[in-house]
Amino acid sequence: MTTPANRGLCVVVAGGGTAGHIEPALALADAVRRIRPDARIVALGTERGLEKQIIPARGYQLEMIPPVPMPRKPNVDLLKLPLKVRSAIKQTREVLDRVGADVVVGFGGYVALPAYLAARGRTPIVVHDSNARVGLANKVGARYAARVAVAVPDTGLPNAEVIGIPLRASIVGLDRFRLRAQARQFFGLHPTAPTLLAFGGSQGAQSINNAVSACAGIFAQRGIGVLHAHGPKKSLAVQQVPGAPRYVPVPYLERMDLAYAAADAVLCRCGAMTVAEVSAVGLPAVYVPLPHGNGEQALNAQPSVDAGAALMIRDGDLTPERTAETVVPLLTDPLRLKKMSAAAQGTGHREAADVLARMVLEVVGK
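Each value, and the rule that gives it
- Residues numbered from 1 in each chain as written.
- Predicted model: local features only at pLDDT ≥ 70, side-chain atom pairs only at ≥ 80, totals over all residues.
- Heavy atoms only, no water.
- Helix = DSSP H or I, 4+ residues; strand = E, 2+ residues; numbered from the N terminus.
- Rg over C-alpha atoms; globule rule 2.2 N^0.38 Å.
- Contact = heavy atoms within 4.5 Å.
- Polar contact = N/O pair within 3.5 Å; in protein donor to acceptor, adjacent residues only side chain to side chain.
- 1 Å grid on protein atoms, 1.4 Å probe; cavity = no way out; pocket = protein on both sides within 12 Å on 5 of 7 lines; lining within 4 Å.
- Points joined across faces, edges and corners; volume = space filled by probe spheres on them.
- UniProt positions renumbered as here; feature names shortened; annotations may be inferred.
- Pairing = 2+ DSSP bridges.
- Buried < 20%, exposed > 50% of the residue type's maximum accessible area, 1.4 Å probe, protein only.
- Salt bridge = Lys/Arg side-chain N within 4 Å of Asp/Glu carboxyl O.
- Nonpolar A, V, L, I, M, F, W, Y, C, P; charged D, E, K, R; others polar.
- Axes fitted to C-alpha atoms, helices over the stretch in contact; angles between N-to-C directions.
- Phe/Tyr/Trp six-rings, centres within 6.5 Å; stacked < 30°, edge-to-face > 60°.
- Lys NZ or Arg CZ within 6 Å of the ring centre and 35° of its normal.
- Arc of directions from axis to C-beta.

### Some words on the overall build of the protein
So, point 1. What the protein contains, in helices and strands, is 15 helices and 13 strands.
So, point 2. Against the compact-globule benchmark of 21 Å for 366 residues, the protein has a radius of gyration of 21 Å, which places it among compact chains.
So, point 3. Oriented by its inertia axes, the alpha-carbon framework of the protein measures out at about 70 × 45 × 35 Å.
So, point 4. Partitioning the contacts of the protein with sequence separation of at least 6, the portion at a separation of at least 24 is 65%.

Here it is, written out as structure tokens:
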């Protein structure tokens, strides 16, 4: 009978819930496999996250554990938390033992917390945080971690090493200009018109939808095409102008690599993963931070703004007028686009996945 001890190297990644946690975990998994093709990768997830769709589709084993969401305010859920945590730790520890985990790599969120607590004192831990403001799970995990990696400086985590955000090879190696014709044809966009990519995260953003779609006539008049991902639960009706570049609304972008290749500039939210990808592919950006939360999205985007790679508009200021007066001069100025594109690429960390993979393997020591 095969036992965990003789199955070879096993790396467990904990990064479920949102794409911002899942994608860095999978980028690391891919990088580990490139360096150590014999490695087994096991991902932890919960029934409530996007990992059910994303992780198996990418060819990795997914093990479900109970989520441990932290209540934002004192309430009855907070009183139940110790019992939920104990149960989650017990079930997660059983998974780690069964798969023969050699190291646990956490990326934050409610999947990472029970993974850190289950691994503490038993299995080496590596923590990666993508955000300018660190979440509670990674603050806890960093106390017990052998190595701590972060995307940006000054997060406050002890002994943190700044490496950037692990990105998919398809994004890091993207040649936007070589793929442009194919990408424009794929989405039905004008082959040569300056083109804006607009999106608001996987679920869309109503403020972005309203502001950008209201400018459809102006964009058509100025010869600008638009690819707009409005969200699967939202709708967008835009009247096409005969003879003008098309305004193409889509619910969701399965081929994000082609969306980036089709665009000359992007208007979007500024989650840490989005900023990292946009910077890596060299797209000039107009960032619109999410108005809720602790302000981390604005912090994520600020280095790109400071470097001259991006502009930033507060969500409350994103009127159709402000959108048009920002986007039209940008997309109709090729020299400005070129300068911003070069600045964007200078802010990224294109080797982050490989750097983190080597860090993990050094911790394992086999």
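Structure's up, so let's keep going.
### Regarding the side chain of Arg184
So, point 1. The topology assignment puts Arg184 in helix H7 (residues 176-187).
So, point 2. Here the side chain of Arg184 touches Pro191 through a polar contact of 3.3 Å, landing on its backbone oxygen.
So, point 3. Among the polar contacts made by the side chain of Arg184, one reaches the side chain of Asp264 at a distance of 3.0 Å.
So, point 4. For Arg184, the contacting residues outside a window of four places in its chain are Leu189, His190, Pro191, Thr192, Ala193, Thr195, Ala262 and Asp264.

### Let's talk about empty space enclosed by the protein
So, point 1. Tallying each qualifying case throughout the model produces one cavity of 30 Å³ or more.
So, point 2. By volume, the largest cavity amounts to about 50 Å³.
So, point 3. Around the largest cavity sit Ala216, Phe219, Ala220, Ile224, Gln239, Gln240, Val241, Pro245, Arg246 and Tyr247, which together line it.
So, point 4. For the lining of the largest cavity, the element with the highest residue contribution is helix H9 (residues 216-221), accounting for three residues.

### A short note on the UniProt feature "binding site: UDP-N-acetyl-alpha-D-glucosamine" (unreviewed entry) in the protein
So, point 1. With numbering matched to this structure, UniProt assigns "binding site: UDP-N-acetyl-alpha-D-glucosamine" (unreviewed entry) to Thr18, Ala19, Gly20, Asn131, Arg168, Ser202 and Gln297.
So, point 2. In this fold, Ala19 is placed in helix H1 (residues 19-35).
So, point 3. Sequence-distant contacts of Ala19, defined by excluding residues within four places in its chain, comprise Pro24 and Leu50.

### Looking at the pairing of strand E6 (residues 147-150)
So, point 1. Of the strand pairs in this sheet, strand E5 (residues 125-129) and E6 are connected by four bridges, and their pairing is parallel. Of the residues in E6, the one forming a bridge with His128 is Ala149.
So, point 2. As judged from the three bridges shared by E6 and strand E7 (residues 160-162), these two strands associate in the parallel manner. Among the inter-strand pairings, Ala149 is bridged to a residue of E7, identified as Glu161.

### Description of the environment of Arg255
So, point 1. Within the secondary structure, Arg255 sits in the loop between strand E10 (247-250) and helix H10 (256-262).
So, point 2. According to the relative accessible area criterion, Arg255 is partly exposed, its value standing at 35%.
So, point 3. A sequence separation of 69 residues divides Arg255 from Phe186, and the C-alpha atoms of the two residues are 9.7 Å apart.
So, point 4. Not counting the four nearest positions on each side in its chain, Arg255 is found in contact with Phe186 and Phe187.

### Observations regarding the pattern of salt bridges
So, point 1. On inspection of all chains with the given rule, the structure shows 16 salt bridges.
So, point 2. As a salt-bridge pair, Asp317 and Arg314 come within 3.2 Å of each other at their nearest N and O atoms.
So, point 3. By relative accessible area, which is 55% here, Arg314 ends up exposed.
So, point 4. Residues participating in the shared-partner salt-bridge network are Glu23, Arg58, Arg168 and Glu277.

### A closer look at the layout of surface pockets
So, point 1. Space inside the second largest pocket adds up to approximately 300 Å³.
So, point 2. Every element with two or more residues in the lining of the second largest pocket is listed here: helix H11 (272-281) and helix H12 (296-306).
So, point 3. Residues that form the lining of the second largest pocket fall into these classes: nine nonpolar, eight polar and no charged.

### Digging into the sheet that holds E5
So, point 1. The strand order across the open sheet built from seven strands is E3-E2-E1-E4-E5-E6-E7, with neighbouring strands paired in parallel fashion. If you trace the sheet from one side to the other, it starts and ends with strand E3 (61-64) and E7, each paired once. Looking at each pair of strands side by side, their axes are set apart by 25° on average, direction ignored.
So, point 2. Alignment of strand E2 (residues 40-45) against E3, held across four bridges, turns out to be parallel. Each residue of the ladder has a partner; that of Leu44, found in E3, is Glu63.

### Let's talk about unusual backbone geometry
So, point 1. For Asp154, which is not a glycine, the phi torsion comes out positive at approximately 65°.
So, point 2. Note that Asp154 resides in the loop between E6 and E7.
So, point 3. What makes Asp154 exposed here is its relative accessible area of 77%.
So, point 4. For Asn159, which is not glycine, the phi torsion reads 55° and is therefore positive.
So, point 5. For Asn159, the location among the structural elements is in the loop between E6 and E7.
So, point 6. The exposure class of Asn159 is exposed, given its relative accessible area of 72%.

### Description of the packing of aromatic side chains
So, point 1. Counted under the stated rule, the structure contains one aromatic pair.
So, point 2. Taken together, a centroid distance of 4.9 Å and an interplanar angle of 85° make the contact between Phe186 and Phe187 edge-to-face.
So, point 3. Against the face of Tyr144 rests Arg120, its NZ or CZ located 5.1 Å from the ring centre.

### With respect to H12
So, point 1. Those residues of H12 that sit buried are Gln297, Asn300, Ala301 and Ser304. All buried residues of H12 project into a common sector of 80° when viewed along the axis, lining one side.
So, point 2. Packing partners of the buried residues in H12 comprise H11, strand E12 (285-287), strand E13 (310-312) and helix H14 (334-347).

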